[in-house]
Amino acid sequence: MRRLNRKKTLNLMKELDAFPKVPESYVETSASGGTVSLIAFTTIAFLTVMEFMVYRDTWMKYEYEVDKDFTSKLRINIDITVAMRCQYVGADVLDLAETMVASADGLIYEPVVFELSPQQKEWQRMLQLIQSRLQEEHSLQDVIFKSAFKSASTALPPREDNSLQSPDACRIHGHLYVNKVAGNFHITVGKAIPHPRGHAHLAALVSHESYNFSHRIDHLSFGELIPGIINPLDGTEKIASDHNQMFQYFITVVPTKLHTYKISAETHQFSVTERERVINHAAGSHGVSGIFMKYDISSLMVTVTEEHMPFWQFLVRLCGIIGGIFSTTGILHGFGRFVAEVIFCRFRLGSYKSTAVPLPDGHTSNHLPLSTDNNTH
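Since the model is a prediction, treat every value here as computed from it, not as a measurement.

Topic: the pairing of strand S14 (residues 290-297)
Regular strands show a simple pattern: their side chains alternate between the two faces of the sheet. For S14, the buried fraction is high: six of the eight residues fall into the buried class. Sheet analysis places strand S12 (residues 245-259) next to S14, joined by eight bridges and oriented parallel. By the bridge assignment for S14, Met246 is matched with Gly290.

Right, here's the structure in full:
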């Protein structure tokens, strides 16, 4: 009884088989079929390798939302070299809330030589080349996000030569914490002093002939300092053509959350436009000589997340490639054989010539005789 039920079950399962097997004696192979099969297997192998490379790759996903954090402080990371002695210049920040941030809180004034060493010039040249490529190909920014990790550094390398030249410039570097509102970071003549209506700089004691606001921005960023990230102004160098010259940078800061497989941080991206002009009160060009960076905070926050293709999606795409190629090549092979048979059949039919056969009543027949006989009737 059990054997009978088992046999019925097996017979039922055989009837439900959607992949019937054809006996090998009924299978006919051909050279054309082997050629198509070889092409199909080669194509499957190539596409499988390409799909695996896509599976291993990652991409950056951008999401936008309103920034609701207005109470926290904004960190400004600064590394700027000005072609003036440190006792002649002062740097500070003044925001829209009329709050002045003194430079002594987080900035260091270091006397240096303005001209770079050969190794430093090579570093600056490479950084400027990367900046030009980033302006042409915005997708390279995703590559920089992926490669950012805390052991890397894009800072200016130290001098490798012991220069005997006396320092003629001032390197201002460090960080400041400011309110999360629009503000103005500037470097101008004289040290900053508090004032009831804002602030002022002691510029009267500095000779006008010593003004030289040629500068090099080795690094400028907002938020958490992430080595490996290249910012828009990194590597910028400006040479002043006049003693009374103003350099202005208008910056829009965008809060950014970065989540990759190597790092997770809250930082800020920014875009910048530049302007420079000579101060000439007689010609109507008013202002103060110096370097001014006016920044504004965007109300939108960007979340950048590195994503990866799931393994199940890779398997589905792989099955689609294999099944699609087998089906397509089978259809094309069958259609090609059909066309070839139709053409060959027409050639075969055209190769036979019609033969006239005399009939007893004097008529002729153009049909081919089924048999030939030596006896005539």
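Structural notes on the confidence of the model for the protein
Here the protein averages 79 in pLDDT, while 77% of its residues score no lower than 70. Of all helices and strands in the protein, the one with the weakest mean pLDDT is strand S17 (residues 364-365) (52), whereas S14 scores best (93). Per-residue pLDDT stays below 50 along residues 368-377; that stretch engages in four contacts with residues further than four places along the chain or on separate chains.

Considering a nonpolar patch on the surface
Judged by side-chain polarity, Phe335, Phe338, Val339, Val342, Ile343 and Phe344 come together as a nonpolar surface patch covering roughly 570 Å² of accessible area. By the secondary structure assignment, Ile343 is in helix H5 (residues 311-351).

Regarding helix H3 (residues 118-136)
If you check H3, its first and last C-alpha atoms are 27 Å apart, about what 19 residues at 1.5 Å a residue would give, namely 27 Å. Buried within H3 are the following residues: Gln120, Trp123, Gln124, Leu127, Gln131 and Leu134. Down the axis of H3, the buried side of the element spans an arc of 95°, and every buried residue falls inside it. Opposite the packed face of H3, turned more than 90 degrees from it, sit the exposed residues Pro118 and Glu136.

As for the state of the cysteines
In this structure the tally under the stated criterion is one disulfide. With its sulfur 2.3 Å from that of its partner, Cys86 forms a disulfide with Cys170. Disulfide Cys86 to Cys170: torsion about the S-S bond roughly 105°, handedness right-handed. Taken together, the residues span a long stretch of sequence, with Cys86 in the loop between strand S2 (73-82) and strand S3 (89-95) and Cys170 in strand S6 (residues 169-179) at a distance of 84 residues. The exposure class assigned to Cys86 is buried, which follows from its relative accessible area of 12%. Among the residues examined, Cys170 registers a relative accessible area of 0% and is labelled buried.

A look at the nonpolar core
Residues Phe185, Ile187, Ile251, Met293 and Tyr295 are the most contacted members of the largest nonpolar core, which totals 35 residues. Listing elements by their share of this core, those giving two or more residues are S2, S3, S6, strand S7 (183-189), strand S10 (215-223), S12 and S14. Here this core gets five residues from one element, more than from any other, and that element is S2. Apart from the residues lying within four places of it in its own chain, the contact partners of Tyr295 are Ile76, Val93, Val178, Val181, Ala182, Gly183, Asn184, Phe185, Phe222, Ile251 and Val253. Membership of the second largest hydrophobic core comes to eight residues, among which are Met60, Ile226, Ala265 and Val302.

Focus on helix H2 (residues 31-56)
Look at H2: 38 Å from first C-alpha to last across 26 residues, which is about the 38 Å you get at 1.5 Å a residue. Taken as a whole, H2 has its buried residues at Gly33, Ala40, Ile44, Glu51 and Tyr55.

Cut-off values and rules
Residues numbered from 1 in each chain as written. Predicted model: local features only at pLDDT ≥ 70, side-chain atom pairs only at ≥ 80, totals over all residues. Heavy atoms only, no water. Buried < 20%, exposed > 50% of the residue type's maximum accessible area, 1.4 Å probe, protein only. Helix = DSSP H or I, 4+ residues; strand = E, 2+ residues; numbered from the N terminus. Pairing = 2+ DSSP bridges. pLDDT = per-residue confidence, 0-100. Contact = heavy atoms within 4.5 Å. Patch = residues over 30% accessible without salt bridge, like charges linked within 9 Å, V, L, I, M, F, W, Y side chains within 5 Å. Areas by Shrake-Rupley, 256 points an atom, 1.4 Å probe, with all protein chains shown as cover. Salt bridge = Lys/Arg side-chain N within 4 Å of Asp/Glu carboxyl O. Expected span 1.5 Å × (residues − 1). Arc of directions from axis to C-beta. Disulfide = S-S within 2.5 Å. Core = buried A, V, L, I, M, F, W, Y, C linked by side-chain atoms within 4.5 Å.

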